[in-house]
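In case you want the letters, here they are:
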Amino acid sequence: MLRSALLCAAAVGALVLAAGGASAADKRYTFALVPKNTNNPFFDQALDGCRKAEKELGGSVQCLYIGPGEHGGGDEQAQIVADLITKRVDGIAVSPANAAAIANALSGAKAANIPVLTWDSDLLERDKGLRVAYVGTHNYDIGVNLAKLAQQAKPQGGTLCIQSGGAAAANHNERMQGIRDTLSGKKSAGAPGERLAGQNGWTEASGCPLYTDDDFPRSIQQMEDTLAKLPNLDAFVPTGGFPEFLPDAYRNIA
Amino acid sequence: MSPDTSQAAPAHAAPAHAAIDRAILDARERSAFQGLVASQAFWVTIALAVICVIMGMWQPASFATFDNFFNITRNFSFIGIMALGMVAVIATGGIDLSVGSVMGLVAVVCGLMLQGGSSWWMTVLAGLAAGGAVGAINGVLVAYVGLSSFVVTLGMLSIARSVAVVLSGNRMIYDFGPGGPVFKLLGNGRLDLFRIGESTLSLSFPLIVLIVLTAAFAAVLKMTAWGRYILAIGGNENAALLTGVPVKRVKVQCYVVSGLAAALAAVLNVGWSGSAINALGTGYELLAISAAVIGGANLLGGHGSAYGAFIGAALIFVIRNALLMAGVDSNWQGTFVGVFLVAAVYLGKIRAKSG
């Protein structure tokens, strides 16, 4: 029993030590940077930028980078944001994995007077009052430009397959809408637009769009399988960087 | 024991019986005290209390607040409810790897029902029915067809998720129709207990559900034949069968309970988050199993408690929250949870040897 008590003590001690190293927050501002998931190298670049800003501001700002390990359904991210609001951080910048769920959590930030930015991906139209600003790309325009490239390559149209991130991620849905609207030549009511079934000669292959949930090995498999199944596919259009993050595997297919 | 022997030897048996009675009473007295000290859930509770005290002294302004209590307890309720169902399955010596995917499936079923204009209670019933049906399929394949629970539920993990994706057309559903407000309240509601200054201590509805279910399941395990059957099956399936336990039927029921628990967790989670997505619950089967095992459930069967599932889930989420509040790199969370998991089981092993 003594040994087990020691074991407990050691575990708790480790927790305290690990935490102690990181808790020198005097009167610094703490800003939370919340990615959709922490296992995606795309978001690491945002972390690098945050660390750079930390340095440039001479330690007056602390960058707290925290998010769920996996993309999942976005509920874990919403829980983390709720925790950050309770922690009373000085600001939150979040890339919502599940736009509806995160809005629910962010309503608490408004009550606590914590300013919120969205980055990379925005809230749903109805919830945009919950954030100060959105920092990111014009997602719809990305889709438009992707569609233009497809049109250049295949002026007659053809069969295409769109590969996206998470089904609940607003940024990828807006890009998909941009692609679909441009190829069909008709503006749709809302993201992710209307599935292409022959408009302007463009048809989406059955089984598409593909959702990677930011899982790169999965994205490679999806691409491989789709190209194997449809040797005559005219266009494979990812709405973000997925297979490219595994360069060797990607080169073998593309 | 046959009636002959009990009638034949009253004179010799009387002192022996008294001795046995005394031994039994002694054992009971000891087990009341030892049972507490020797139970894994007890030590996990101590560890949890130690963490909370340290965090409370160190981060009083953020950790030790009513708001944070509300958040943590709501967050672990979903996993805690799943872990209760998992304990039922694990106690029989089985495992249910499908619960995370069942959550995804139930989320989509609920989302589609609400979107189609169903009332909140129809939606809840449909969600529970879907989870119960998946559990029944698992149970029949394990108990009657005789396949291994690992294989059956691993297959179901894949099947339920895939059906969820197909049903949802891979879209997020958040336009909930007329049933939406009440349905959302199920996951989002709170019961205010009392108020000190600016802050109010409240219990979330999911926590209340978890507490009620934990108490109910604890009573069932301790006081009903069914509860004894579960532990008997896990302890020694053949012996249970020979003593007349309806092993196959009880096993099926355990998987149904697990499916229902996962479905209920999904209903509450969808209500809380306000959106239904087929990716809900990805990987949660491992959290539910971890919670059950940290709380003392033995993967070989025969052991497991309702309170253990509750406290195991609480520990996992308090660790996560404590790291966040302390400003520790969140990537360490898995390491801490893993260390506690292995340490808790190691503790259980020492206990088994000494006892």
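These numbers were taken from a predicted model, which means no experiment stands behind them. (Residues numbered from 1 in each chain as written. Chains lettered and ligands numbered in written order. Predicted model: local features only at pLDDT ≥ 70, side-chain atom pairs only at ≥ 80, totals over all residues.)

> How do you make sense of the nonpolar core when you look at a structure like this?
Membership of the largest hydrophobic core comes to 175 residues, with the highest contact counts inside it found for Val81(A) and Met82(B). For this core, the domains that each give at least three residues are domain 1 (25-135) and domain 2 (139-253) of chain A. Leaving out residues up to four positions away in the same chain, Val81(A) has contacts with Val34(A), Ile92(A), Val94(A), Ile102(A), Ala105(A) and Leu106(A). (Core = buried A, V, L, I, M, F, W, Y, C linked by C-beta atoms within 7 Å. Buried ≥ 20, exposed ≤ 12 C-beta atoms within 10 Å, placed from the backbone. Domains from an automatic or database assignment. Contact = placed C-beta atoms within 7 Å.)

> Sorry if this is basic, but what is going on with the domain arrangement of chain A here?
Where interface size is quoted, it is often the accessible area lost as the parts come together. All names here are of chain A. If you check the domain split of chain A, you get domain 1 (25-135) and domain 2 (139-253). Of note, the centres of domain 1 and domain 2, computed from C-alpha atoms alone, are 28 Å apart. Across the boundary between the two partners, domain 1 contributes 16 residues, which contact nine residues of domain 2.

> I keep staring at helix H4 (residues 66-91) of chain B and nothing clicks. Help me out?
An α-helical segment advances 3.6 residues per turn. Residues three or four places apart therefore align on the same side. Residues and elements named next belong to chain B. Compared with an ideal rise of 1.5 Å per residue, which puts 26 residues at 38 Å, H4 spans 35 Å between its outermost C-alpha atoms and is within 8% of the ideal. The largest bend in H4 is about 35 degrees, located at Ser77. Within H4, 25 of the 26 residues are buried, which leaves the element mostly enclosed by the surrounding structure. Positioned one or two residues after H4, Gly93 has a phi angle of 90 degrees, which is positive. (Helix = DSSP H or I, 4+ residues; strand = E, 2+ residues; numbered from the N terminus. Expected span 1.5 Å × (residues − 1). Bend = angle between axes of the 7 residues up to and from the residue.)

> So what exactly am I meant to see when it comes to the interface of chain B and chain A here?
At the interface, 43 residues of chain B touch 40 residues of chain A. At the level of secondary structure, the elements contributing two or more residues to the side of chain B that touches chain A comprise helix H3 (40-58), H4, helix H12 (247-273), helix H14 (306-326) and helix H15 (333-354) of chain B. Top contributing element to the side of chain B that touches chain A by residue count: H15(B), with eight residues.

> How do you make sense of the sheet that holds strand S4 (residues 116-119) of chain A when you look at a structure like this?
Picture the strands of a sheet paired through backbone hydrogen bonds; they go either parallel or antiparallel. Residues and elements named next belong to chain A. The strand order across the open sheet built from five strands is S2-S1-S3-S4-S5, with neighbouring strands paired in parallel fashion. Each edge of the open sheet carries a strand with a single partner, namely strand S2 (61-65) and strand S5 (133-135). Each adjacent strand pair in this sheet contributes to an overall mean axis angle of 25 degrees, direction not counted. Two elements, strand S3 (residues 91-94) and S4, share three bridges in a ladder whose sense is parallel. For Val94, the partnering residue across the bridge sits in S4 and is Thr118. Those strands touched by helix H3 (residues 75-86) are strand S1 (29-34) and S3, and its axis lies near 175 degrees from that of S1. (Pairing = 2+ DSSP bridges. Axes fitted to C-alpha atoms, helices over the stretch in contact; angles between N-to-C directions.)

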